[in-house]
Amino acid sequence: MSDAPLPYAKAASTAYDAALEVIASVEPRIAEATRQELADQRASLKLIASENYASPAVLLTMGTWFSDKYAEGTVGHRFYAACQNVDTVEALAAEHARELFGAPYAYAQPHSGIDANLVAFWSILAHRIEAPALAEKGMKNVNELTDEDWEGLRREMGDQRLLGMSLDAGGHLTHGFRPNISGKMFHQQQYGTDPETGLLDYDAVAAKAREFKPLVLVAGYSAYPRRVNFAKMREIADEVGATLMVDMAHFAGLVAGKVFTGDEDPVPHAHVVTTTTHKSLRGPRGGLVLAQEEFASSVDRGCPMVLGGPLSHVMAAKAVALAEARQDGFRTYAQAIADNAKSLADGLMSRGAKLVTDGTDNHLVLLDVSGFGLTGRQAETALLEAGVVTNRNSVPADPNGAWYTSGIRLGTPALTTRGFGGTEFDEVADMIVDVLSQTQPGTTKAGGPSKASYVTADGVADRTHARIDELLDKHPLYPGLDLA
Ligand code: PLP
């Protein structure tokens, strides 16, 4: 998070030059696309809240022969031979995760956030439903069950309930959304946010939990611009006998960097915590599960329960990224993510824009673009044309649904990695308001109002590109990394 050259920039430049030469000798078009992707990322104002820039150390770790190894099982207990180095890698990733987050137990195998959530769901079912049923029969393993026993247990496991945050309030697809497997494997209900303030209403969540009596209460979000009180969520879970699962995929970097502490740190309060490693945590694409000790042996069964062979090269990169997050500088980075989100929110609001919850105290801002007379889709495309990369997102009770939407989600982790501070984010706010206020909805071919097409006033995209180039030139991506 600085504009100074990376300490290993020269070695990384040599490594990438060599790697691209090797790739080009087999498939030059892939080498060219890889070069182009770096150029495009360097030239783009990335405000996608779920993206970041992993360090070259993390990226290089993924390109090794660990990719070739099968290692189903757990550390020291593999179903394949010759896994001693994978054991080292997985044990280190788990150790760094435990130390970084203060978690009793960590599981580094999930390939992604969705996989981590699947591991968590099945671990909770295994711990809360399967294990007691087996114990009652004096058995240890499901393989000991008769077909008839198994039918009954399967029915019981399939009859459980999950309560999670709704998609339009900021929850994720895997938090019980019907089209997702989480909404099919569980009976599901969703909690939303207060219609007036857009804030989580803990009393309403508690009332819903008392009525619905879920086995799993899911907290965490993809598009909610505020912190959550996980101590309160745990109280609610305890009162109704639910297991509290927190999906911190989006804000894991703020937990790691000690911006979220006390009641806002999910790790001491939740039974099971899941995360991705590639968003604010700034690691490789992947997932992680943290758990209280009582859930450890169930989570350990992630493979073969829902996972196949782990991606050993990615576990190695998780270990490197987690080691980076344990360095002092990461706390400064995490605090800057939150400070920058506040600067962006203040900059937008002071220029008349409407934000869901009237602000932010995490890493993201949810801009309601209906005030500009636009749908999220029109705003997203108009901004992209001007060089500002965002993604459209529903706002609570969105009249435009999940496809067109009425919102734009903006996140600060990526540009904070490039060294942007409050002044730069204020300028970003100015550019966004400039583009959106100079954009009008277009019409359909039949002449009616369109939710997709738009017209931006002449010259706006060009002047925005020029401003972006100037900002990005001052904050290069991977400073010192120069490819031949
Ligand atoms: N959980 C949350 C809260 C997310 O926002 C996301 C992705 O955006 C995921 C899980 C899924 O992560 P992945 O794309 O790695 O499967």
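Quick caveat: nothing in here was measured; it's all calculated off a predicted structure.

By nearness alone, every residue bordering the ligand is listed as S112, G113, I114, H172, Y221, S222, D247, A249, H250, T276, H278 and K279. At 2.7 Å, a side-chain N or O of S222 approaches an oxygen atom of the ligand. Side-chain polar atom of K279 to an oxygen atom of the ligand: 3.0 Å apart, as the coordinates give it. Starting from 390 Å² of accessible surface for the ligand in isolation, the protein chains cover 83%.

Now for the sheet that holds strand β7 (residues 216-220). If you trace the seven strands from one edge of the open sheet to the other, you get β4-β10-β9-β8-β7-β5-β6, paired in mixed fashion. The open sheet is flanked by β4 (105-107) and β6 (187-191), the only strands paired with a single partner. Adjacent strand axes in the sheet meet at a mean angle of 20° when their direction is disregarded. Inspection of the sheet shows β4 paired to strand β10 (residues 287-291) by three bridges, in the antiparallel sense. Bridge assignment links A106 to a residue of β10, and that residue is L290.

A few words now on the domain arrangement of the protein. Under the domain assignment used here, the protein contains domain 1 (66-325) and domain 2 (333-474). Just the C-alpha atoms count here: the centres of domain 1 and domain 2 sit 32 Å apart. Tallying the contact residues gives 21 residues for domain 1 and 24 residues for domain 2. Taken together, both faces of the contact between domain 1 and domain 2 bury some 1,800 Å²; the carbon and sulfur share is 57%.

This paragraph deals with the nonpolar core. Formed by 59 residues in total, the largest nonpolar core has its most connected members in F101, L217, M233 and L290. Here the element with the most residues in this core is helix α4 (residues 84-101); it accounts for seven residues. Formed jointly, this core draws a minimum of three residues from each of two domains, domain 1 (66-325) and domain 2 (333-474). Residue contacts for F101: discarding those within four places in its chain leaves M248, A252, V255, A256, V267, L281, L288, L290 and L322. Listed in part, the 35 residues of the second largest apolar core include L344, A353, L355 and L383.

Here we come to the packing of aromatic side chains. Following the criterion strictly, the structure yields eight aromatic pairs and no others. Taken together, a centroid distance of 5.9 Å and an interplanar angle of 20° make the contact between F230 and F251 stacked. Placement of F230 in helix α9 (residues 230-240) and of F251 in the loop between β8 (243-247) and α10 (252-256) is noted, with a sequence separation of 21 residues between them. Classification of F251 as buried rests on a relative accessible area of 0%. Ring plane angle 40° and centroid distance 5.7 Å describe the contact between F251 and F260, whose orientation is recorded as tilted. On the basis of relative accessibility, which here comes to 1%, the residue F260 falls in the buried class. Ring pairs connect the aromatic residues Y221, Y224, F230, F251 and F260, which therefore count as one cluster. Lying over the aromatic face of Y333, R282 brings its terminal NZ or CZ to 3.9 Å of the ring centre.

Compared with an ideal rise of 1.5 Å per residue, which puts 15 residues at 21 Å, helix α20 (residues 460-474) spans 22 Å between its outermost C-alpha atoms and is within 8% of the ideal. For α20, the full list of buried residues reads V460, A461, T464, I468, L471 and L472. Viewed along the axis of α20, the buried residues span an arc of 95°, placing them on a single side of the element. More than 90 degrees from the buried face of α20, the exposed residues found are D462, E470, D473 and K474.

With that settled, consider the UniProt feature "binding site: (6S)-5,6,7,8-tetrahydrofolate" (unreviewed entry) in the protein. The feature "binding site: (6S)-5,6,7,8-tetrahydrofolate" (unreviewed entry), as annotated in UniProt, sits at L167, G171, H172, L173 and E293 in this numbering. What stands out for the annotated residues spanning 127 residues is how far apart their C-alpha atoms range, the widest pair being 30.6 Å apart. Mapped onto the secondary structure, G171 falls in the loop between β5 (161-165) and α7 (182-185). Take G171: its relative accessible area is 5%, and that puts it in the buried class. For G171, the residues in contact, after removing those within four places along its chain, are M165, S166, G220, Y221 and S222.

Attention now goes to the sheet that holds strand β15 (residues 407-411). Here we have four strands laid out as an open sheet, ordered β11-β12-β15-β14, and antiparallel in their pairing. The open sheet has two free edges, formed respectively by β11 (354-355) and β14 (391-393), since each of these has just one partner strand. Pairing of β11 with strand β12 (residues 364-368), which is carried by two bridges, proceeds in the antiparallel orientation. When the sheet's bridge partners are listed, L355 is paired in β12 with L367. In the packing of helix α16 (residues 376-385) onto the sheet, contacts are made with β14 and β15, and the angle to β15 comes to roughly 45°.

Conventions we followed
- Residues numbered from 1 in each chain as written.
- Predicted model: local features only at pLDDT ≥ 70, side-chain atom pairs only at ≥ 80, totals over all residues.
- Heavy atoms only, no water.
- Near = heavy atom within 4 Å.
- Polar contact = N/O pair within 3.5 Å; in protein donor to acceptor, adjacent residues only side chain to side chain.
- Areas by Shrake-Rupley, 256 points an atom, 1.4 Å probe, with all protein chains shown as cover.
- Pairing = 2+ DSSP bridges.
- Helix = DSSP H or I, 4+ residues; strand = E, 2+ residues; numbered from the N terminus.
- Axes fitted to C-alpha atoms, helices over the stretch in contact; angles between N-to-C directions.
- Domains from an automatic or database assignment.
- Contact = heavy atoms within 4.5 Å.
- Buried area = accessible area lost by both parts, 1.4 Å probe.
- Core = buried A, V, L, I, M, F, W, Y, C linked by side-chain atoms within 4.5 Å.
- Buried < 20%, exposed > 50% of the residue type's maximum accessible area, 1.4 Å probe, protein only.
- Phe/Tyr/Trp six-rings, centres within 6.5 Å; stacked < 30°, edge-to-face > 60°.
- Lys NZ or Arg CZ within 6 Å of the ring centre and 35° of its normal.
- Expected span 1.5 Å × (residues − 1).
- Arc of directions from axis to C-beta.
- UniProt positions renumbered as here; feature names shortened; annotations may be inferred.

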